[in-house]
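An overview of the molecular structure
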Number of protein chains: 2
Amino acid sequence: MSDKPVIGFLGLGHMGLPMAINLHRAGYKLKGFDVVPAAVQAAQEAGIETVDTQEDAAVDVDVVLTMFPSGKHVLEAYEKHLLQSAKPNTLFLECSTIDVAQARQAAELAVAAGHRSADAPVSGGVVGAEAGSLTFMLGAQDEDLAEITALLEHMGKRIVHCGGYGAGQAAKVCNNMLLGISMIGAAEAFVLGERLGLEHQALYDVISSASGQCWAVTTNCPVPGPVPTSPANREYQPGFAAALMAKDLGLATSALEHTTTDAQLGALAASLYRKFSDEGNAGTDFSGIINAIREGTL
Amino acid sequence: MSDKPVIGFLGLGHMGLPMAINLHRAGYKLKGFDVVPAAVQAAQEAGIETVDTQEDAAVDVDVVLTMFPSGKHVLEAYEKHLLQSAKPNTLFLECSTIDVAQARQAAELAVAAGHRSADAPVSGGVVGAEAGSLTFMLGAQDEDLAEITALLEHMGKRIVHCGGYGAGQAAKVCNNMLLGISMIGAAEAFVLGERLGLEHQALYDVISSASGQCWAVTTNCPVPGPVPTSPANREYQPGFAAALMAKDLGLATSALEHTTTDAQLGALAASLYRKFSDEGNAGTDFSGIINAIREGTL
């Protein structure tokens, strides 16, 4: 146990705390930090050692793991608190979902300060974080892979190496842009089917084994019934909240602009989810957008 | 063999002929008809009996099966040639992909003329028609199911009963609207991934086992490499031609208008595929739209 790396773990929120707990249970020594007192207290109650400042979380650790709401938070923490506090060659493992350009900027800052860097955004939500079944999309140097994998495998069941710095964020933003498009498409298909007199189950039976098949239908089906575990069966409690989809599609829009890519469906999906989230549905599962489509309010 | 129903088979084109050949091989007596002499000749060469008029194809048969390019053709044939020529209670089995409203109109006409009706549009393309592995989406009365299934199972491997008159067309239009949306979304995701420096295989590995998973990626992947059987590996030879996707999305647009459904992604996908097909890509596999997205010409 004593040769396990020591982890500075910053960001003990809905996602970060269960991830930290899984590392703690696996025998890692953590230095936990969060700006929210309740998050700190919850970590302490789970037996995790916490520290009072971001600097303390970076001092004398082997890995600095961040799980923050946005790239702005990450860059600010790196520049003001973390990079200069960490010992040389510390691994900065950035697990937040942030802008690809900001992720690459964070990696450059870390390397310039004499550290190592990797981005490893996750998918799988709070349920996956608690179960240790997250998927990590990893942007990392080959020589760091073994060390990173040994750590992440306690928090997730799938680690996909996507390339160098920023590649994890890039893969996630592409996947989630497609997911947002698929879900709106699935919702439109089911609403059209209703109006044409089709039963939900009949349309599900066709789509699920035909060319329209997609995760948005077969795992997170936007109508109740065909997939008992989908949020539609519990009045669209998330699951994956519309606010998070709106955030991810905002990152997609940013990436499209940076790369001057004309992705018309992606751009439209981003504006529809922004509107849906802003009009009182931020905490609704993202599949709940079917209700706004049915009502014609988007 | 002698108790098999006799089939009037109208429409011996790229889809119809291989379907007719499969029925012929299964021992059915056919009366084949097409307006195109080359199609008639090809049917004759396959050993299928042909007749000279649409009326002849409907006289003294048990089933009138139509495989036409559009609903206009179907309604015209029903009204002018077929309904009055067939003996009472003939089963009119409409396998073309047509407008839902026209499919219901055709069913009403058939029933009013003392016949039975069912719609059974197919998916699976020419390859599926030749292999006898089509999927049929069936709108039919319960009491006709056994008879219809016994016939269709020689041409397809999957028959989904979607409901009453028109339900087969309804399910197909919903599925294919979602397919068109998914494919554009998949193409946009891969183009964005390229610009963000991701290898195709890396992005495929993420999407195929994550929430962006869809048939458009895992079976008909719009970039060459990850899925060897996808048309992208043979310079986007169809497969499923862009002109057919544009046609199906035109049917979707019609259904959206009839039902006053506001499906913004479906409507946008329809206009993008119409433009792509009209600008010299009608015969390209529908996944080839990725090239227009990459070039920014849509």
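Residues numbered from 1 in each chain as written. Chains lettered and ligands numbered in written order. Predicted model: local features only at pLDDT ≥ 70, side-chain atom pairs only at ≥ 80, totals over all residues. Heavy atoms only, no water.

Residues and elements named next belong to chain A. Running from N to C, helix H8 (residues 167–195) and helix H11 (residues 242–258) cross one another at 120 degrees; their axes reach a closest spacing of 9 Å. For the crossing formed where H8 meets H11, the hand is left-handed. Along the contact surface, H8 presents Lys-172, Val-173, Asn-176, Met-177, Leu-179 and Gly-180, while H11 presents Met-245, Asp-248, Leu-249, Leu-251, Ala-252 and Leu-256. By residue class, the composition of the contact of H8 with H11 is eight nonpolar, two polar and two charged. (Axes fitted to C-alpha atoms, helices over the stretch in contact; angles between N-to-C directions. Helix = DSSP H or I, 4+ residues; strand = E, 2+ residues; numbered from the N terminus. Left-handed = near helix turned anticlockwise from the far one by under 90°. Contact = heavy atoms within 4.5 Å. Nonpolar A, V, L, I, M, F, W, Y, C, P; charged D, E, K, R; others polar.)

What follows covers the relation of the copies chain B and chain A. Between chain B and chain A, which share one sequence, the superposing operator has a rotation angle of 180 degrees and an axial displacement of 0.0 Å; the RMSD is 0.1 Å. Expressed as an axis order, the relation between the two copies is that of a two-fold axis. For chain B, the residue whose C-alpha comes nearest the rotation axis is Cys-214 of chain B, separated from it by 1.9 Å. Mapped onto chain A, 100% of the interface residues of chain B are again interface residues, and the two copies thus contact each other with one and the same surface. (Least-squares fit on C-alpha atoms with pLDDT ≥ 70 in both.)

One face of the sheet, then the other: side chains in a regular strand alternate in exactly this way. All names here are of chain B. Sheet analysis places strand S7 (residues 134–139) next to strand S8 (residues 156–163), joined by six bridges and oriented parallel. For Leu-138, the partnering residue across the bridge sits in S8 and is His-161. For the segment spanning S7, helix H7 (residues 145–152) and S8, crossover handedness is right-handed. (Pairing = 2+ DSSP bridges. Right-handed = clockwise from strand over helix to strand, strands pointing away.)

The next subject is the UniProt feature "domain: 3-hydroxyisobutyrate dehydrogenase-like NAD-binding" (unreviewed entry) in chain A. UniProt marks residues 166–292 of chain A with the feature "domain: 3-hydroxyisobutyrate dehydrogenase-like NAD-binding" (unreviewed entry), using the numbering shown here. With 64% helix and 0% strand, residues 166–292 of chain A has end C-alpha atoms that lie 35 Å from one another. (UniProt positions renumbered as here; feature names shortened; annotations may be inferred.)

Interface size, as often reported, equals the accessible area lost upon joining of the parts. Taken together, the contacts link 57 residues of chain B with 57 residues of chain A. Note on chain B versus chain A: buried area summed over both sides is about 4,900 Å², and carbon and sulfur give 67% of it. Linking chain B with chain A are zero salt bridges. Linking chain B to chain A there are 23 residue pairs in polar contact (both at pLDDT 80 or more). At the level of secondary structure, the elements contributing two or more residues to the side of chain B that touches chain A comprise helix H5 (100–112), S8, helix H8 (167–195), helix H9 (200–208), helix H10 (215–218), helix H11 (242–258) and helix H12 (264–281) of chain B. With 21 residues, H8 of chain B is the largest single contributor of residues to the side of chain B that touches chain A. When its residues are assigned to classes, the side of chain B that touches chain A shows 37 nonpolar, 14 polar and six charged. (Buried area = accessible area lost by both parts, 1.4 Å probe. Salt bridge = Lys/Arg side-chain N within 4 Å of Asp/Glu carboxyl O. Polar contact = N/O pair within 3.5 Å; in protein donor to acceptor, adjacent residues only side chain to side chain.)

In this section: the UniProt feature "active site" (unreviewed entry) in chain A. Residue and element names in this part refer to chain A. What UniProt calls "active site" (unreviewed entry) maps, in this numbering, to Lys-172. Residue position: Lys-172 is located in helix H8. In contact with Lys-172, not counting residues within four places along its chain, are Thr-97, Pro-121, Val-122, Met-137 and Asp-248. At 2.6 Å, the side chain of Lys-172 and the side chain of Thr-97 are in polar contact.

As a further point, take the side chain of Glu-94 of chain B. With respect to the helices and strands, Glu-94 of chain B occurs in strand S4 (residues 91–94). No salt bridge is formed by the buried Glu-94 of chain B, whose closest oppositely charged neighbour, Lys-247 of chain B, lies at an N-O distance of 8.7 Å. (Buried < 20%, exposed > 50% of the residue type's maximum accessible area, 1.4 Å probe, protein only. Lys, Arg positive; Asp, Glu negative; His and termini not counted.)

In this model, H12 of chain B (18 residues) spans 24 Å end to end at C-alpha, consistent with the 26 Å of a helix rising 1.5 Å per residue. Of the surrounding elements, those touching the buried residues of H12 of chain B are H8 and helix H12 (264–281) of chain A together with H8, H11 and helix H13 (289–295) of chain B. (Expected span 1.5 Å × (residues − 1).)

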